[in-house]
Every structure is written in structure tokens, then in C-alpha cells.
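Structural features, examined
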Amino acid sequence: MSERKIESVDDGRWKAVLRCMMLSRAIEERLVRLYHQGRIFGGVYTGIGQEAIGAATSLAAGPSDLFAPCIRNMTVHLGRGETSLNVFRQYLGRASGPTRGRDGNVHYGCTANGVYAMISHLGAMLSVVTGAVMARRRQGRDAVGVAYIGDGATSTGDFHEAVNFAAVFDVPVIFLIENNKFAYSTPNAEQFRCKQLVDRAQGYGIEGLCADGNDAVELFLLAQDLMSDIRQKPRPILLECDTMRMRGHGEHDDFSYVPRELLEKYAARDPIAQARSRLAEAGLVAKAAADDIELQVRSEVDQAYQQALEEPVPDPADLMEGVYADR
Amino acid sequence: MSERKIESVDDGRWKAVLRCMMLSRAIEERLVRLYHQGRIFGGVYTGIGQEAIGAATSLAAGPSDLFAPCIRNMTVHLGRGETSLNVFRQYLGRASGPTRGRDGNVHYGCTANGVYAMISHLGAMLSVVTGAVMARRRQGRDAVGVAYIGDGATSTGDFHEAVNFAAVFDVPVIFLIENNKFAYSTPNAEQFRCKQLVDRAQGYGIEGLCADGNDAVELFLLAQDLMSDIRQKPRPILLECDTMRMRGHGEHDDFSYVPRELLEKYAARDPIAQARSRLAEAGLVAKAAADDIELQVRSEVDQAYQQALEEPVPDPADLMEGVYADR
Amino acid sequence: MPTVEMTYLEAIRQGLRRLLQERNEVLLYGEDVGAFGGAFKVTLGLQEEFGKDRVFNTPISESAMIGAAIGMATQGLRPVVELQFVDFGMTAVHQLLNNAGPTHYRTGLSVPLTIRAPCGGGFGGGPFHSEELESLFCLMPGLKVVYPAFPSDARGLIYSAVMDPNPVIYLENKYLYRHVKEVMSDRFDPIPLGLARICRPGRDAVVLTYGAMVHEALRAAERLSAEKHYEIMVVDMRTLKPYDAETVIAAVTATNRVLIVHEGWRTCGFGAELAALVAERAFHLLDAPIRRVAAPDVPVPFAPSLEKAYRPDADKIGEALVELIEY
Amino acid sequence: MPTVEMTYLEAIRQGLRRLLQERNEVLLYGEDVGAFGGAFKVTLGLQEEFGKDRVFNTPISESAMIGAAIGMATQGLRPVVELQFVDFGMTAVHQLLNNAGPTHYRTGLSVPLTIRAPCGGGFGGGPFHSEELESLFCLMPGLKVVYPAFPSDARGLIYSAVMDPNPVIYLENKYLYRHVKEVMSDRFDPIPLGLARICRPGRDAVVLTYGAMVHEALRAAERLSAEKHYEIMVVDMRTLKPYDAETVIAAVTATNRVLIVHEGWRTCGFGAELAALVAERAFHLLDAPIRRVAAPDVPVPFAPSLEKAYRPDADKIGEALVELIEY
Ligand SMILES: Cc1ncc(C[n+]2csc(CCOP(=O)(O)OP(=O)(O)O)c2C)c(N)n1
Ligand SMILES: Cc1ncc(C[n+]2csc(CCOP(=O)(O)OP(=O)(O)O)c2C)c(N)n1
Ligand SMILES: [Mg+2]
Ligand SMILES: [Mg+2]
């Protein structure tokens, strides 16, 4: 963990972290409701309970940094500047959305924000962000990258190839393993045999660290340190974050296979509640201010959803357009 | 390294190890000559200088054990009972050979010997032998497996997936990394960043060991220990063997990119010369006996080559036969 | 004989269940196929009934899953591997094209493995959960490829696929899983691979198709019969490799007009192969050009408005048939 | 303008050299492409001339290589990735089919990357070093596929491939590397993608082909002209996706008889697509069935006797042409 103190970061930034998590939660809770009301086409996959990871890392980063978020990383999109409106457009398959209705739910990104749109094939984006960081640095920008990956996805060949590749070329990418204990219905014990996934770092000749994935404050401080460190001395790092998937793999999944004690344990460590009380204690974001943010994001979500709903879906006549780029 | 002594193994076995290495060397030296004389169709890839690894491990194994040899493992084929005649049939594309002329050079195996025919895609056979060992054990046989892999091939996604898979299912396979310092023209430094490849073991939650890949005697004792250990308590093991590729990637390659000092260093540690003197010192295989074996294998090679040469090549009328199995 | 009404999904499950009952060498594994029953619940209840030894989860490692199946199959087991979606099999193409497929031809070993792969769209799966990749599998020597359209075929064909001594790609259509029901006997005979089936007689044109499109073609045919008194023959290919050229030629002989329909991409889709077959072997029987109705060459789009435009259906088939007949 | 005689291989190298000279955003990487110059020496001298920063080796990680190229391409570079053999690209199909191909359609980003892949047989490469996989690439939306047959085309097309804003699979024929020479200007203009070329005029039949088979077809055509006074048109497709349907239709219009020839497998090969095109769009112009000469559906065999029977050549093409014309 970082040696720096919570006070070294100004309250505006902490509010942004809190807001990012709260907005993500509010959007995702809405999406969950919409799904169960039958108002969403396709699946809904959330990062509820895992908001700290994306919020802390994306908000600790600099303007030219690059991100490859995964299924649970709404906070990365939001932390990098995506609007709630765009998120609803994406989920509702609107022509105005970031993929113009061509792709769904978690599969979107934003070039201007440095955020890549994930493909579903687990592990495939790790090498993409690695190459993108290589390119930016070659162009004289001091970019670093963050690639998020689940505990289950560490079993893919792509995970291995990408981390090794980044190590060989000293590419400053944080490979952030979000260990939420399950890959769909499959628990860690049926996925790997190492004690912790960070044990893989040595095999790539890189540093490995563990962090509490539900503690946004400590994670933010750590991410700041790591990013400035690898920005200066370029190299990849493996960072394993302990967290828990608090709902099903997707909303179609009742997650009855998850032991209730595990859910309770992590419910008591909810990242938003923890950050709120820690920041209040430190005198950085008072309870009232946090409540305000909460109210704001709820009304933002209402508006965004309503607006997205009114926008048009893609015109079928555009189906064939843009398979190839013109330039 | 094993705590057992060289004397714990009878001289017949040591002769077999020596013979296996010498026969492999003699066959491969002949293949090299034939290649440069333009008498071989296709490429020639040898394990010259790496004979100890395959000889020690294949001869330390039991009858139901399974093997996935790689490019440099002529000694695995021979150690498991393949004949020189079949090897020449294979290289000369004879209809009587193990692949009936359908595949070439290193791409052969023998079911009865428990040896799989490699495919070229590096890393792909590791999961195959893992599955095969799972199957045999399910059928009540106490098989263990050995999968050989080069330093370069450890960068493939397949390496990672297979080792993790075997770890999760406690499959007794020795993943034996033959670190011969180069992958074609690419040195270790451009392939990975870990200090040693065995550093990867921990990341799979398995044991890792290093061994001198040019010391057949110690390797044999170690292999016996490891195999009996994992036969009882099934689990995979990562074993990195230090060795050196003493020729080009194939005979078409002049390997001018390899530092001469490295070649000299390992030439002084030739596995056959070392085993001969060690076994002679220990009073197990006298110099004269070793010389005898040497003579035998040379004449065996002459005969095998001559016989294979006289045998027919595949009948083009058989081209379409056996794409599908009937049973 | 007692009859039951079964969905396509239940029929596959019944086939698997019978195989697990009758054949101790049959294993079933894949991501989440254990207690959870797989992403689509095809294997629900099978782990409970047959134990973790026969039905089990694996790490997210498609290449290791298929590689291990090759090893098991060559040792006398009959592994059945579920890909969560056919799309994810693309991380392991080499294990099919280069390993499972050519093994028998190269080595004489039989490789009785089955890959079950859910395919197709129509439910908002987007680009990575809706693909149809049969033509890619049909290119691969040594593989067989099966794609049932009806519950009774699904049940009878899974049995034959698993009992076949060759690697079989068994494609399942996700849309049909719960949309198609059939009243059928609760006992069944295996349905041999390699035979197409005339689902509907007709004289004015033939539709050659498979998978979900069989049902769309039947719908179109009924409509044209009612509205225009055109009688359309519909042929369900059922096995795509090796395919039933004789039934195709007979159908062309009877109708003289050919429409080929599939859900996947047009360029280099399986329809091209059928067209080439007819153009070569039944050219003189044709009264009109051979037409294809297939998806355009664009990634499968997410938004319903786009996916509807993308995906062939009864309307598009009907239109093409009218044009073909009135040519 | 001064002229030089160049092999196909040298022509590719000249094209790459000019790109590296003119375009700072062009990078070239792959296994052993650095000082060693790649397995076939196509890139020999380029690292020396342009530095390790522009031309470099990578670990044996096809998926990471292509993934990184996607990242680089979306950040303004033009990476050119060499696969050592096209066969090994099968470990990373998802990066092409699911990542590079659909990125523009999904996200609007351009992905100007080029994959260079040596293909084809005729030299004893066996099943894993001789494949022809173009139809598999042509299935993938968003990719372009190029396959030159002549040095001048190879040079002009590599230039256009690299400068194209889309992912391009640039297939190189290993047999042609050193077997085909052409006297040509030492300067050159890029050759646009998407255009076929009539290499030989003719009236009695047309051969639609590409790659090494263009030369076999020309040989057959000359022989038939001399022996039988048949005049055969030969069309070199050059770009396989998007392909030049207009030139094909014009050729059929001029000759009324079509033979399609390719070196790879028959079932679901690219020839099926050409046959389907002709059967749909030029049916009424045909005086005879459309024929295909292609490899049979067996793994590429190693032994010369088998490979000769396997591989299409001037004799087989000539025979098919006579049958077609005398139909
Ligand atoms: C290569 C590949 N195989 C299978 C899948 C199907 N799949 C989607 S998500 C998932 C589980 C992922 O688990 P994990 O990586 O732990 O991420 P989490 O969902 O827990 O955040 C699986 C198996 C996939 N997307 N990609
Ligand atoms: C997946 C894959 N990519 C590329 C190749 C081409 N290739 C064949 S051998 C080789 C080098 C292998 O090096 P290493 O694993 O160290 O084995 P060694 O030859 O040194 O024994 C390469 C790159 C291949 N066979 N498979
Ligand atoms: Mg997880
Ligand atoms: Mg090596």
C-alpha cells in the first residue's frame, strides 16, 4: 500500500471518486431494474460491489493514459468521462450511442477518453492496450495503461501472452486482476491452484502487488504511486485486487451457487459505504456533501434514461455502412 | 537433485541410457550429413547436445507412462522403444514408417510406446498428454506424463493453459522446459523477463525444479524420484533443464547469431562424454563397454538407413485413404 | 410407445444423458457445465446424476479443453466438450484444424471427441455471442460437422456424434433451444451422420438449408403454398461435413431451382460450397441461377432493428423464392 | 526507367523497405524477423537499416502479436506483423475474426494493420507448414485479403495493404518466393486492392485462380494452346476480399466456361465462393458446369509422392480444361 496520506489528495478528487462509484451504482441498479422489468434487450452485467477498483484507478490516471475495461468496470468508463446518457444509449441500443447500437451492454469505449471497447473473448484486450501504450510512447507521450481482468480470465492463453509480451518490451501497463472469487459459476478453486494470482508475477519477471479492491481510498493512493513509478521507469505490474461479485454473472443468473456468508462478508465492506465513512472521518467529504452527490447522481440517471429512451434506434438502412474504414 | 546414488540403478539401465544417447547422436549426425548432401526431402532438426534430457526421462519411466516429445527429443522416441529403422523411414517419407510418409521428420510417435506425435504448433501437445494421462488414470492405470517444451514455446498461450489445467485437476505430468537458450534466432532475453522459467511454477501452485540438462546421470535419478512421487501423489511439476542448442534451429540455419563462447561452454559439457566418464568412474559402464555400444549404434544406423532407403515410398493411390477413422 | 413433448434443448440433454448412462467412457466438461448446468442449462442435472467424475467444470481455457479431449479420446474415452459459445472456440482453432482433424490421417489413432457449440443469433447477443462459423469448421480435413434443426434430430445426432470414431463439431442453435418443440417417442434410435432430410416435399424450387433457417424456410414455404400455390421443397442438410450430395442432387433434379439459405455470413459461407456442388454436378438440371440468402458480411449487430435486417428470415426467403420461381 | 530482375521475395522486401523509408508509422515485427531476417529471409537487412525500434523480434505469442498490432493501429501506427507460417496464425483466429475485423464497425476506429503470412506447399513442408487458409480469412467481416502471384504485384500490393486503413491479411506463397522472377522497373506505383488481373487472354475457357496456381494455370494454358489450339484465359484474383466480381463476370462473358483452381482444400475453399458467384450472377452465360480443381480434403501430406498427388498442378488443370471445353 502507498505510504502517502489521504490528505495528499484534494477533496475535489475524492468527491470525484465517490461520485464515480455512486453514479455507477445508480446506473447499474437502474439497469438491473429495467432488465427484470423486461425493458432491456440482451443481457445486463454489473460491477455492483466492485466500483472502487475502476473508480480509483481511472481517476488516478493522467490524460494520455489508456484503459481496457472488462465486464465489471462501469466506473472506468465513468471515471474517464463517459456520460450516463451514453451508457443508457449503449444499453438501449440507440443509434446515438457509443457503438451506434451495433454492439451491446459492456462492449463500448471512447477513444477521446482513452478507453477501449472490450470484445467478449476474455484476455484478448490485454495485448491491445499493451500495443496502444507502446504506440503512444513511441509518439512521445508518457502514457501508461491499465488492463482489467477477472480471476477466471487469467486461465486464458491470452492473459499469459500479453503479460509476457509487455514484460519483454517494458511496457508500462498495470494488469489488474479483479479477483471476485467466481467466474460465472466457477469458484477460484476450480480455476487455479496458486495461493494468489499475484504469484504469477515472478514468472513474468515483473512486480506483483495485492490490494483491497473494496477500499477506494487506499487503491487511489496506490494507483497514483504505481502509475507515476511506471511512467518514469516503464514496466508492467501485476496487481491483484480482492473483491467480490455481489450479484449473478449477469441478471439472468440467480447466483444461488454463491455461499451467502461470502456475500455477507463483502456486503459489510461495501466500497461506497467504506469510502464515504473514511472520507468523512478524514474531514474531506462530509456526510451531507456525499448525500448531495447521491441525490445528484440519482436524478442524473433518471434524466439520462429518459432521454436515451426517446432517442431513435438504428436505421436498418445503415446496416452495411462502415464495415470498412475509408481512412 | 535426487539424494539417491548412482549405484542404486543397475548397470543395464545405465547402458540403456548411454546407448539411447549414442544412438540418437549417430542417427542425427547421419541425418545432418544426408541433409547437406541433398538426400533428405524437407528439413532436419536435431537434438544434438540435448540428448540427456530425453534419454534420462524416458528411460526412468514406467510402461504405462505417456510422452509428448518436441523437436529436440529423438532420445524420447528411442528411449521408449522406437527403432532406428522407423526413424529413417520417417525421415525418408517411407510408406512403412510411423506416419506412412504422411508427416515428416520430428512429427511422429508410437502409441504402443506411449509417445505422441507432436504437431508443429508449439505448446499444443501439453494439454494433449495431460488429457491422455487423465484418461489412463481413470482407467485404473497409474500413468504419469512427461511433456517437453522449449524456452521459446513457453511464451505461447497453450503452455499456460495446459499447465494451469493440469494443476487444477492434479494431473501427474512433468512439464519439462528444455532451456537451450534460443528459440530459432531469438535469445531468452527477447523471449521472457523472468530470471528462470521455473519461476512460473508458483503461479500455477505447483512445484518447480531446475536441473542440469546435460547430466544424464543426475537427471535419471531425479526423474525416477519425481515420477514415483507424482505417481503416488498426483500433481504436475515444472522442471527446467539447462542445456544448449548446439546447431542451428534446423540444418538450413548456420546459427551465426549464436555466440561461440556459449557453444564452447556447452561443448565442454557434452552429455554423452559426461555420462561416459561418470559411469566409467563409478565402475558401472567401463570405457570398453561404452566403446562397444558406440560401434554397435554406428553399424545399426548404417543398416537402418540402407534398409529404409530400399523400402517403397507411399503409393499416391493411397492419398485419400484414412482421413476418417472407421472405428 | 409413450411420447413426450421436448424442446430442442431437452432433446440434446436426453441424448447426452443416455450416452452417460450407457457408456462409461463418455465424459462431459466445459465452463460451468457442472452443477450450474452450463450457460444455457443444457447439462442441468447431469453432474448430480453422474457425479463430478463424469461431468465437470474446467478453467476458461478453450485450447487446453480441446487438447485434453484429444488426449482422452486417443486413450479410449469419448469426451464431450461444451464451448460456452461457438465464438469462443476461435481461441483454439489450431487444436481442431491442426491437431484433432489430422491426427488419424497422420498417426492412425482414432479421436472420438465431440465439441458442442451453441451458435446463432436472434436474441440480441451482439457480435460475439451470435456467430455462425460452420464453413470454417467444414474446411478442416478430418472433422465432421453436424447441425440439427429439430429436437428429434438433435437427440439422435448427438448420440451418433459422440459414438463416431472421429472428432465431430456438433453445432447447436441457441434460438432453437427453447423455441422449437416436438412431440416424440421417449425412446430413440441414433440418427446416422451424413444424411440430409427432405422436411417438406415440393416441385417448384428447393431450399437447401440447416439450423434455425430450416424453420424460416418452412414458414416461407407454407406461406407461398397458401398465397401463390408454389410448392417448395425444403432440405435440412443436418450434417455439413461430410455432406449428403446425393440428396441435394436428387432435390435439384426434382425442382430445377435452388435457393440456399443460412444464418451466417455470405462470403465463403457454407452456402458457397452447396452452390459450387450444384453448379458442378447438377448444372444441366437448373432452370435459373442458384441463389443464396445469407447474412451480409458485417459483424452481427446488437440492436433489434439492425439484427432483424441482418438475419435471414421467412420474409427474405419468401421474396427470394418468388424471384427465383418467376425468373 | 532502370529495370531489375527480382524474385517474389525480393519484391516484397522492396515494398516493405519503401514503406519503412517513407512512413515513420510503419513497424515490422514477428518471430525472428530482426537481424535474422525471418524464417524465409524476407526482412533480411531491414533491422540493420531501420533499427530495432522499427523492426524487431517478438516472443512466440501470435495472439499477443496481433492484439498489440490492433492497439498500435488504433493509435496511428501501421504495424506489419509477420506470421512465421500462416498455419500458426490459427492460434489467434479470435484476434482477427473478433477483434481486428469488427473494430471499425463497432467503434469507428480504423485498424490499419497488415498480417503477412507465408502459405502453401510443394516443398515437403508437411501438414503444418503448407496450409492455404484464405477462405477462412475471407469469411471474416472487416478484413481484406490479398494474395499476389507475381513479383510486381507482390510489391505493389504490399504497399497498398499497409497503407489501407483496414486490417489486411497479406498472403505470400512460399513456393513462389524464389521460384518466380520478374524483370521490372526499380520504381513502382502501388497496386490498388480489389482488382483482379487478366494474365492471359483466351476465348475457350477461363481459369479463375490466385497464388502459386496462377503459374500452373499459365503453364497449362500454354500447353493447350500449343497442343490443341485452345485459348484459355487466366484471371489472377490478386485480392480475395473484397473480390473483383466485375472482372470475373466479364471473363465468363468472354469464355462461357469456367474452371476455378486453388491450392488449398476443396470443401469450403475460396473456389466455392467464386463458383457461387458465377452460378448466381452469370448462370445464363455458361455453356458447361463450373468446375473446381483444388486439393482434396486431406491434411497436406509430407512424402513427395503424396504431395504431388495432393497438389493441383498444370497437368491436373490441363486435364480439367480439356474436359470442360469438350463437355
Ligand atoms: C475465451 C472465452 N471463453 C469463455 C467466455 C465466456 N465467459 C464470459 S464471462 C465468463 C466468466 C468470467 O469470469 P471472470 O474472468 O472471473 O470475470 P468476472 O465475470 O468474475 O468479472 C465466461 C466463462 C468468454 N467470454 N471468453
Ligand atoms: C505457435 C507457433 N508459432 C511459431 C512456430 C514456428 N517455430 C517453430 S520452432 C520455433 C522456435 C522454438 O523455440 P523453442 O521453443 O525454444 O524450441 P527449440 O527449437 O529451441 O528446441 C518457432 C518460432 C511454431 N512452430 N508454433
Ligand atoms: Mg471473477
Ligand atoms: Mg529453445
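Residues numbered from 1 in each chain as written. Chains lettered and ligands numbered in written order. Predicted model: local features only at pLDDT ≥ 70, side-chain atom pairs only at ≥ 80, totals over all residues. Heavy atoms only, no water.

Summing up its helical and strand segments, chain C has 12 helices and 14 strands in all. Relative to the compact-globule value of 20 Å for 327 residues, chain C shows a C-alpha radius of gyration of 19 Å, a close match. Each of the three principal axes of chain C carries a C-alpha extent, and together these read 60 × 45 × 45 Å. Scored against the burial criterion, the 327 residues of chain C give a buried share of 78%. Here chain C has roughly 8600 Å² of accessible surface; of this, 50% comes from carbon and sulfur atoms. Within chain C, one finds 32 positive and 40 negative side-chain charges whose respective centroids are separated by 2 Å. (Helix = DSSP H or I, 4+ residues; strand = E, 2+ residues; numbered from the N terminus. Rg over C-alpha atoms; globule rule 2.2 N^0.38 Å. Buried < 20%, exposed > 50% of the residue type's maximum accessible area, 1.4 Å probe, protein only. Areas by Shrake-Rupley, 256 points an atom, 1.4 Å probe, with all protein chains shown as cover. Lys, Arg positive; Asp, Glu negative; His and termini not counted. Charge placed at Lys NZ, Arg CZ, Asp CG, Glu CD.)

From N to C terminus, chain A includes 10 helices and seven strands. Relative to its length of 327 residues, chain A is compact, with a C-alpha radius of gyration of 19 Å against a globular reference of 20 Å. Along the three orthogonal principal directions, the C-alpha set of chain A runs to about 50 × 50 × 40 Å. Expressed as a percentage of its 327 residues, the buried residues of chain A come to 66%. Contacts spanning at least 24 positions in sequence make up 75% of the contacts within chain A whose residues lie at least 6 apart. Summing over all exposed atoms, chain A offers an accessible surface of approximately 11200 Å²; the carbon and sulfur share of this is 50%. Taking the average location of the 36 positive side-chain charges in chain A and that of its 44 negative ones, the two points are 2 Å from each other. (Contact = heavy atoms within 4.5 Å.)

With that settled, consider the coordination of the magnesium ion (ligand 3). Residues and elements named next belong to chain A. Protein ligation of the magnesium ion (ligand 3) involves Asp151 (OD), Asn180 (OD1) and Phe182 (O), the donor distances falling in the range 2.0 to 2.2 Å. Along the chain, the residues that donate to the magnesium ion (ligand 3) are spaced as D-x28-N-x1-F. With Asp151 in the loop between strand E2 (145–150) and helix H6 (157–168) and Phe182 in strand E4 (residues 182–183), this residue pair connects regions lying 31 residues apart in the sequence. Accessibility assignment for this pair places Asp151 and Phe182 in one class, buried. (Donors = N, O, S within 2.8 Å, 3.2 Å for Na, K, Ca; no water.)

Counting from both sides, the interface comprises 35 residues of chain A and, opposite them, 31 residues of chain C. When chain A packs against chain C, close to 2600 Å² is buried across both sides, 69% of that on carbon and sulfur atoms. Looking at the side of chain A facing chain C, the largest losses of area belong to A:Phe41, A:His121 and A:Leu319, adding up to 26% of the total buried there. At the surface where chain A touches chain C, the tally comes to zero salt bridges. Here the residues of the side of chain A that touches chain C are counted per class, giving 15 nonpolar, 14 polar and six charged. (Buried area = accessible area lost by both parts, 1.4 Å probe. Salt bridge = Lys/Arg side-chain N within 4 Å of Asp/Glu carboxyl O. Nonpolar A, V, L, I, M, F, W, Y, C, P; charged D, E, K, R; others polar.)

Another aspect to go through is the side chain of C:Thr58. Relative to the helices and strands, C:Thr58 is located in the loop between strand E3 (55–57) and helix H3 (62–73). Look at C:Thr58 and you get buried, because its relative accessible area is 0%.

It is worth spelling out the site of ligand 1 at this point. Near ligand 1 there are 19 residues, and of these A:Arg72, A:Ser120, A:Gly152, A:Phe182 and C:Glu62 occur at the shortest range. Nearby residues place ligand 1 at the junction of chains A and C. The separation between a nitrogen atom of ligand 1 and a polar main-chain atom of A:Leu122 is 3.2 Å. Contact distances for ligand 1 include 2.6 Å between a nitrogen atom and a side-chain N or O atom of C:Glu62. Residue composition of the shell around ligand 1, grouped by class: eight nonpolar, seven polar and four charged. (Near = heavy atom within 4 Å. Polar contact = N/O pair within 3.5 Å; in protein donor to acceptor, adjacent residues only side chain to side chain.)

A few words now on the interface of chain D and chain C. Of the residues lining the interface, 48 residues belong to chain D; the matching set on chain C comes to 48 residues. Of the roughly 4400 Å² buried between chain D and chain C, counting both surfaces, carbon and sulfur atoms make up 68%. When the area that chain D buries against chain C is broken down by residue, the three leading residues are D:Leu139, D:Glu280 and D:Phe283, summing to 17%. Between the two partners, chain D and chain C, sit six salt bridges. Counting across the chain D and chain C interface gives 12 residue pairs in polar contact (both at pLDDT 80 or more). Mapped by element, the contributors of at least two residues to the side of chain D that touches chain C are helix H4 (93–107), helix H5 (134–138), helix H10 (270–281) and strand E14 (291–295) of chain D. Per element, the largest residue contribution to the side of chain D that touches chain C is eight residues, and it comes from H10(D). When grouped by side-chain class, the residues that make up the side of chain D that touches chain C number 30 nonpolar, seven polar and 11 charged.

Residue and element names in this part refer to chain C. Domain boundaries in chain C define domain 1 (3–185) and domain 2 (197–325). Put simply, the middle of domain 1 and the middle of domain 2, counted by C-alpha atoms, are 26 Å apart. Listed as interface residues are 31 residues of domain 1 and, on the opposing side, 27 residues of domain 2. With both sides pooled, the region where domain 1 packs onto domain 2 buries about 2200 Å², and carbon together with sulfur makes up 58% of that total. For the domain 1 face of the interface with domain 2, the top three residues by lost area are Cys138, Tyr147 and Phe150, together amounting to 22%. Counting the contacts that link domain 1 with domain 2 gives two salt bridges. Between Arg197 and Asp153 there is a salt bridge, with its nearest N and O atoms 3.6 Å apart. Run the count over domain 1 and domain 2 and you get 14 residue pairs in polar contact (both at pLDDT 80 or more). Put simply, the parts of the chain that give the side of domain 1 that touches domain 2 at least two residues each are helix H5 (134–138), strand E6 (144–146), helix H6 (151–163) and helix H7 (174–179). Residue classes in the side of domain 1 that touches domain 2 are distributed as 18 nonpolar, eight polar and five charged. (Domains from an automatic or database assignment.)

Take the pattern of salt bridges next. Residues and elements named next belong to chain A. All chains considered together, the criterion is met by 91 salt bridges over all chains. Here Arg102 ties to Glu321 by a salt bridge, and the two come within 3.1 Å at their closest N and O atoms. With a gap of 219 residues between them, Arg102 in the loop between helix H4 (84–91) and helix H5 (124–138) and Glu321 in the segment after helix H10 (287–310) connect regions that are remote in the sequence. Its relative accessible area of 2% is what places Arg102 among the buried residues. Here the salt bridges do not stand alone but share partners, grouping Lys181, Asp212, Asp242 and Arg269 into one network.

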